[in-house]
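# Observations on chain architecture
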Amino acid sequence: MGKRVIRGTGEVRLGDFRPGARIGDYVVDHEMPATGTAIIYAGHHVAIEERHVVIRIAPTSAPVEDIAFQLDELDHPGTPRIFDRGMLPDRRRWVAVEYISGSTVADVIAHRTMSPLECLALLRDVCDVLSPAHSRGIVHGNIRPENIVVPDDRRTTICL
């Protein structure tokens, strides 16, 4: 099992869970690129077929519970829903977050130039999502093109 240092959190094991492994009521589909603060897996609920999630596993020192509670508190259509959370036997916390299908802004700009009107609409939507969070003292701290998803079925979503 490999190890990798995640910014300021010490050592975190990668590859703990293989496809088919269970984390709570969720089955791991595949590992996704890790963020600066978590290991991430795509998964689905064992009984609710259409519930696809992103499972974030944080080092024992990371405040994944704080993130989950803050997202629950926001209850905004531009933020993913928290479905479940728990603790692994090694005391690392995990959270199952709604998977938002769509293109990230990074994907879009890698393939084409956005028009000024598209950029303004995107900025409007991002501000619409961030404003309620900021009014509650919640700061995302990692707004970048990879974390902004433009789903086919609704306005811009900001992901963890």
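Residues numbered from 1 in each chain as written. Predicted model: local features only at pLDDT ≥ 70, side-chain atom pairs only at ≥ 80, totals over all residues. Heavy atoms only, no water.

All right, on to the sheet that holds strand 8 (residues 93-98) then. Strand order in the open sheet formed by six strands is 3-4-5-6-8-7, with antiparallel pairing between adjacent strands. The sheet terminates laterally at strand 3 (22-23) and strand 7 (82-87), the two strands that pair on one side only. Here strand 6 (residues 52-57) runs beside strand 8; their pairing, made up of five bridges, is antiparallel. Looking at the pairing, Ile 55 lines up with Ala 96 of strand 8. (Pairing = 2+ DSSP bridges. Helix = DSSP H or I, 4+ residues; strand = E, 2+ residues; numbered from the N terminus.)

In this structure, Phe 17, Ile 23, Tyr 26, Val 28, Ile 39, Tyr 41, Val 53, Ile 55, Ile 57, Leu 88, Trp 94 and Ala 96 together form the largest nonpolar core, which totals twelve residues. Of all the elements in the fold, those that place two or more residues in this core are strand 4 (26-32), strand 5 (39-45), strand 6 and strand 8. Ranked by residue count, the leading element in this core is strand 6, at three residues. The residues touching Leu 88, leaving out its near neighbours within four places in the chain, are Phe 17, Ile 23, Ile 57 and Trp 94. Met 114, Leu 122, Val 126 and Leu 130 belong to the second largest nonpolar core, which has seven residues in total. (Core = buried A, V, L, I, M, F, W, Y, C linked by side-chain atoms within 4.5 Å. Buried < 20%, exposed > 50% of the residue type's maximum accessible area, 1.4 Å probe, protein only. Contact = heavy atoms within 4.5 Å.)

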